[in-house]
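Descriptive structure summary
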Amino acid sequence: MARWRSASYKARERINQRYAPHNDLLHHRTIYCNDLEKNKQFSFKGNSISTTKYNVLTFLPKGLFEQFRRVANLYFLMISILSATPVSPVNPITNAVPLVLVISVSLIKEAYEDWKRFFNDKTINSTMVDVLRDGHWRKLPWRRLVVGDIVKVHKDSFFPADLLFLASTNQDGVCYVETSNLDGETNLKIRKALERTWDYVDEERAKEFQGEIQCEQPNNSLYTFTGNLIIGKQTLPVTPNQLLLRGCSLRNTEFIVGVAVFTGHETKVMMNAMNVPSKRSTLERRLDMLILILFSILFIMCFIDSICSGIFINRKYWYLGLTSDVEDQFNPGNRFLVACLTFLTFVTLFSPIIPISLYVSIEMIKVFQVTQFINKDVKMYHKETNTPALARTSNLNEELGQVEYIFSDKTGTLTRNLMEFFKCSIGGVIYGKGVTEIEKAAARRNGTGIEEMESPAESHEKYFNFDDDRLMRGAWRNEPNPELCKEFFRCLAVCHTVLPEGDELPEKIVYQAASPDEAALVTAAKMFGFFFFRRTPTSIRVRESHVEKIGRMQDVEYEILNVLEFNSTRKRQSVICRYPNGRLVLYCKGADSVIYERLMERHNPFKDTNRDHLEYFGAAGLRTLCLAYRDLDINAYEMWNEKFVQAKSALRDREKKLDEVAELIEKDLILIGSTAIEDKLQEGVPVCIETLAKGGIKIWVLTGDKLETAINIAYAACSLMNNGMKQFIINSDTKEIRDVEDRGDALETAQVIERYVAERLNESLRQAVESEQTQTGLELALVIDGRCLMYALDPELRGTLLKLSVMCKAVVCCRVSPLQKAQVTSMIKDGAKKITLSIGDGANDVSMIQAAHIGVGISGLEGMQAVMASDFAIAQFRFLTDLLLVHGRLSYLRISKVVAYFFYKNLMFTLTQFWFNLYTGFSGQRFYDDWFQSLYNVVFTALPVIIVGIFDKDVSITNSRKYPQLYKAGIENIFFRWRILIIWAISAVYQSVILFFFPIKAIEEGKNSSGRMLGLWDAGTMAFTCVVVTVNLRLFLACNFITRWHLISIFGSILAWFIFAFFYSGFRNPLDKQGNIYQVIFVIMGTWYFWYAIVLVPVASLALDFLHEGMRRWFAPYDYHIIQEEEKIKGVERDELLLVESPRQAPEQSLELTGLHGEMSKHTGYSFDSPCFDSFFASQEGVSMSQRSYDIARRASMRVSRRQSSDLGSDSPPPGHNSLI
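Residues numbered from 1 in each chain as written. Predicted model: local features only at pLDDT ≥ 70, side-chain atom pairs only at ≥ 80, totals over all residues. Heavy atoms only, no water.

**A closer look at the overall build of the protein chain**
Helix and strand counts for the protein chain stand at 40 helices and 35 strands. Counting every position in the protein chain, which comprises 1221 residues, the buried fraction comes to 56%. Across the protein chain, the fraction of contacts at a sequence separation of at least 24, relative to all contacts at a separation of at least 6, is 74%. Here the protein chain displays about 53,200 Å² of accessible surface, and carbon together with sulfur accounts for 56% of that area. (Helix = DSSP H or I, 4+ residues; strand = E, 2+ residues; numbered from the N terminus. Buried < 20%, exposed > 50% of the residue type's maximum accessible area, 1.4 Å probe, protein only. Contact = heavy atoms within 4.5 Å. Areas by Shrake-Rupley, 256 points an atom, 1.4 Å probe, with all protein chains shown as cover.)

In structure tokens:
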């Protein structure tokens, strides 16, 4: 009982917080229109803007500060400073030059980008606009505009500031605005001026305008505005409908006149100018950990050598010249000081273990992947909308290859967001004979047939796909409830905010609607004979057919008294109108949950029947709305309207007060019926979801639709759920909860729902655990609605929900709010520690997109808000297949390989220095010349690894799509585990031993052409040559495919070393002040030891890697090894290997693709006839088969069969195929 008392207390607190009055008081600003002198006292900000990060004085200090915030740059700065001290054995210039080069490139890039921002700012601030000054229109630059100025903006021009709309050249004070620069929406918005200001259009009237504006302070809310316009003694409420925002443009209107309210950086668009939250990939965070490990290795090496140096130093080694006046670093009398100073010496000597070029190389690779591969992939180009894929960041490329959970919106994401009026229910009777895609899929699943009837041609129009002769062409007059049918049609024709454009003819008129649903409902009214064709601020005109008798038409004007607009909280829209005969009616349409709460208890005989129809519509995958009306008494209405006007004029909490007033009149409604609108699935969605599921990705659908609609979309059309799944449904629409709700006690309702959710979650988790233990292979699915989810996300139940949901293959959350979408995403991201991806197309998906590791926006019909908040943008949901399975998987594979290779080559290079100091008494003597060490990372080994990071590919693109199971390697992080790095580290240790001791032994025995023994710099140069050759050749073993670019980069880097060595040691130069390297390369090349070493040492060094790769392919192959076997046997067509598809494959598309050069591609694996790939292909066919590590008989038979087929000339692979990657 204590638990439920606690629950009731929490429920009461939740209710109190929800309904508590809002006590925040907003300080308003006062603006005097057309009065510069009065406005000066307020010191409003000017209209000039600046988006630059720097100026002339701050560029260097601020730019350097930004660069040295990076740990790697700060580390190399410290190394450069340390190398300038006497304890350093390295020339400070050799450390400083690479650092200066890297930082200079970054600063130049910053300066260039900031210069472009400055130039854009200057252009915008200099744009001219008509401003009323001294009684005349004068053209002034935007930067001279001030708050209170009266402005005239012409057609197709942008608004220079946030303006209060006064008048326009269009009738009825209307103008059309395009907001694509603001929110990405391309459909025109309607703005209406207050009727009191319509005549302030020409210059004479405009200069007479004197008014006072009292409004809210500047804020970043694009869709709200609260204020009053005071003209004389009249106070007029101002809403967002009268605000024209900076950044928007004027369309289809000759010009408008407005007053500047917010200017410059106080405009709403500038206050929204913030970056998308910065995201870092999981691999990048692991890279930071790897750098810390390298720091630890560096510290251990320096500590060991410094301690040994303090022990080794002794005057008995007379040849070292350790006299009494020797410097402190080599004074045996103070061994502790020797150890400390030598520690700093080794820090500078071993500093290359941290690669200075790592971050730069990775950034170059990622940018190339984005600009040349993702953005130009024809497979992700949508021809109908001319929309290519767009990567808005390059930070998360490899994260795309590790996604385990996808959270998807439904409408506009899985569906097309092209609404069609499909069915309806009026007075308890269903109308409409069509069959939805969901019903067809359900029939196919159940193995039953379904009869489809073709609709007559006249019933097909955009937004309208209805077929039922009982309602068309006036036949509704013969129905049992013709009066209710008439109310239904009038509600559709009157209760909306749609604006008509064009000729007032049914076939030519165009409806400008806020949403496709609105357009579909008004179009349906037109097709039923109630043609809405004209709107004024106070009336709507409808051409009604067949009302008096069949065939007769009449134009009826309905006076619009009030509009109670739709929002996500109210979930309904109401219009109060007056008929020509004086009848006063409130029409209301909205979600069934809110309409049913407001129905009159009596006089609603179709209430239960309509609820059944709603469930039927939902099961068919249709979007539903309920329609209702109420006749109003004139006296009651006038009393209510006074409260409404007061709420509309309030400066504080206006929205809240309007909602409270609306509740007073939106009650005692009479149900008319319901509408059912179809939103068809996008092309390829079921196949895409099925493919992603095979890759180990779990897909959740988070939608605001009804539970039945969401389940059937997931069940029948999207292949998320199937008959074999065990389903857990947690739904608040139960008889027990409805009975409690009918009693009207909000506290008791909250307690009952919370108790129900807790019981269902615990029971479902128990059953899930039992099913997992007793029924192997049984898949689970969870369905939960938003009301239950609100309680399930409480801290006490959150853990249970998390455990249950991660055990499920599919999860569907219906009736969820945008906040709940983000909360569910964060639960998996932070609780389960899994890589998440959210995909959506509307503003309500932004929070979910930003909460996930990766956000993907779909450029659909709901605008571009989701795209602008996303990391990647695509036009269709099905493009996720290529984005993840191709680009994401390859990016993860490539970046993992690049990071591991950097770790290996720098560790190996540093270890050769470490072994050398064992030979030199831990003195800190350098083994290589300073410039050799400095250019090792930035010149001699830089390009090949970049080429591998850009072009390496394990299997063909076709097979990446064909075998989505390959994607599981990224989810399990197979290629960047610590085990993989340990293997690379073992290889580095082994190779460092070979690369040091072989040249040393050669030098000990070797002599030059004059018979003299070879010395330190001969050994160091020989060893460095072997290092460069070995490290570059090692990439051949790491590559899966080799192209011309691989060959050029690898052998070009080796050649670059020899060219540098010839010039550097061929002449005495200031870089080699001591003459250590002079003629060295020519001396050692004159001995047979050198040629022996550069052949034998790399071979011996790479032998262990060769053996490891061969054993891996032979006994424990990766999945991609097996696919490579298939490709070698069957061959691969040329175009299948092109990641950026050839333009000739899609000549009609408008993207400009760079010309791609054909390259010869080869496998470089060792054992292509690996004996254990049969089980892999068996698993693709659903056949269970155990892995076999060795099968010599089958292997031999395969060789014979291939030899025979080769002799017959059949099944021979095609000649060398060309590929860029």
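Having seen the model, we can carry on.
**Observations concerning the pairing of strand β23 (residues 539–545)**
With respect to burial, β23 is a largely interior element, 6 of its 7 residues being buried. In terms of strand pairing, strand β22 (residues 530–536) meets β23 through 6 bridges, oriented antiparallel. Residue phenylalanine 531 lies in a different strand from β23, and its bridge partner there is arginine 543. Counting the residues that bridge the hairpin from β22 to β23 gives 2 residues. Two strands pair when backbone bridges link them, and β23 and strand β24 (residues 553–564) are joined in this way by 7 bridges, in the antiparallel orientation. By the bridge assignment, valine 542 is partnered in β24 with valine 556. (Pairing = 2+ DSSP bridges.)

**Regarding the sheet that holds strand β6 (residues 174–178)**
With antiparallel pairing, the 3 strands of this open sheet are ordered in space as β7-β6-β12. Pairing within the sheet leaves two strands with one partner each, and these edge strands are β7 (189–192) and β12 (249–251). The average angle at which neighbouring strand axes cross in this sheet is 45 degrees, direction not considered. Strand direction decides the pairing type here: β6 and β7, joined by 4 bridges, are antiparallel. Within β7, the residue paired with valine 174 across the bridge is lysine 192. (Axes fitted to C-alpha atoms, helices over the stretch in contact; angles between N-to-C directions.)

**Digging into the UniProt feature "binding site: Mg(2+)" (unreviewed entry) in the protein chain**
UniProt records the feature "binding site: Mg(2+)" (unreviewed entry) for Asp409, Thr411, Asp841 and Asp845 in the present numbering. Spanning 437 residues, the named residues form one tight spatial group whose C-alpha atoms are at most 10.7 Å apart. Tracing the backbone shows threonine 411 in the loop between β15 (405–408) and β16 (415–426). The exposure class assigned to threonine 411 is buried, which follows from its relative accessible area of 8%. With respect to the helices, strands and loops of the structure, aspartate 841 is situated in the loop between β33 (836–840) and α26 (846–851). A polar atom in the side chain of aspartate 841 sits 3.5 Å from the side chain of threonine 413. (UniProt positions renumbered as here; feature names shortened; annotations may be inferred. Polar contact = N/O pair within 3.5 Å; in protein donor to acceptor, adjacent residues only side chain to side chain.)

**What to know about helix α19 (residues 685–694)**
Taken as a whole, α19 has its buried residues at Val685, Cys688, Ile689, Thr691 and Leu692. Angular distribution of buried residues about the axis of α19 spans 165 degrees; they occupy a single face of the element. (Arc of directions from axis to C-beta.)

**A short note on the environment of glutamate 663**
On the secondary structure map, glutamate 663 appears in helix α18 (residues 654–665). Taking the relative accessible area as the measure of exposure, glutamate 663 reaches 37% and is therefore partly exposed. In sequence terms glutamate 663 and arginine 570 are 93 residues apart; their C-alpha atoms lie 9.6 Å from each other.

**Topic: the UniProt feature "transmembrane region" (unreviewed entry) in the protein chain**
In this structure's numbering, the residues bearing the UniProt feature "transmembrane region" (unreviewed entry) are residues 289–313, 336–360, 898–919, 931–951, 981–1002, 1014–1033, 1045–1065 and 1077–1104. Structurally, residues 289–313 comprises 96% helix and 0% strand, and the distance from its first C-alpha atom to its last is 36 Å. Taken end to end, residues 931–951 is 95% helix and 0% strand, and its first and last C-alpha atoms sit 30 Å apart.

**Focus: the sheet that holds strand β1 (residues 29–32)**
Spatial ordering of the open sheet is given by β1-β8-β9-β10, a layout of 4 strands whose pairing is antiparallel. Whereas interior strands pair on both sides, the edge strands pair on one side only; in this sheet they are β1 and β10 (234–238). With strand direction ignored, the average angle separating the axes of adjacent strands in the sheet is 20 degrees.

**Topic: the packing of aromatic side chains**
Counting across every chain of the model gives 70 aromatic pairs. For the pair tryptophan 640 and phenylalanine 644, a centre-to-centre distance of 5.1 Å together with 20 degrees between the ring planes defines the contact as stacked. In this pair, tryptophan 640 and phenylalanine 644 both sit in helix α17 (residues 634–649), 4 residues apart, roughly one turn of the helix. The two residues tryptophan 640 and phenylalanine 644 agree in class, both being buried. (Phe/Tyr/Trp six-rings, centres within 6.5 Å; stacked < 30°, edge-to-face > 60°.)

**Looking at the pattern of salt bridges**
As enumerated under the stated definition, the model contains 45 salt bridges in all. The salt bridge partner of aspartate 409 is lysine 821, with a shortest N-O separation of 3.3 Å. A residue pair is termed long-range when its members are at least 10 positions apart, and aspartate 409 in the loop between β15 and β16 and lysine 821 in helix α25 (residues 818–832) qualify at 412 residues. Note on aspartate 409: relative accessible area 4%, which makes it buried. In this structure, the salt-bridge partner of arginine 878 is glutamate 683, at a minimum N-O distance of 4.0 Å. Of this pair, arginine 878 sits in the loop between β35 (872–874) and α28 (880–919) while glutamate 683 sits in the loop between β28 (670–681) and α19; the two residues are 195 residues apart in sequence, bridging distant segments of the chain. With relative accessibility at 53%, the residue glutamate 683 sits in the exposed group. One connected set of salt bridges, linked through shared partners, spans Arg570, Arg572, Glu597, Arg598, Glu663 and Glu666. (Salt bridge = Lys/Arg side-chain N within 4 Å of Asp/Glu carboxyl O.)

**Considering the side chain of arginine 572**
Mapped onto the secondary structure, arginine 572 falls in strand β25 (residues 572–578). Of note is the side chain of arginine 572, whose polar atom sits 2.9 Å from the backbone oxygen of arginine 570. One polar contact links arginine 572 to glutamate 663, side chain to side chain, over a distance of 3.1 Å. Not counting residues up to four positions away in its chain, the partners in contact with arginine 572 are Leu564, Glu565, Phe566, Asn567, Cys588, Lys589, Gly590, Val594, Arg598, Glu663 and Glu666.

**Describing the environment of glycine 840**
Here glycine 840 lies in strand β33. As for glycine 840 and serine 408, which are separated by 432 residues in sequence, their C-alpha atoms are 6.1 Å apart. In contact with glycine 840, not counting residues within four places along its chain, are Asp409, Thr413, Asp845, Ile849, Val856, Gly857, Ile858 and Ala866.

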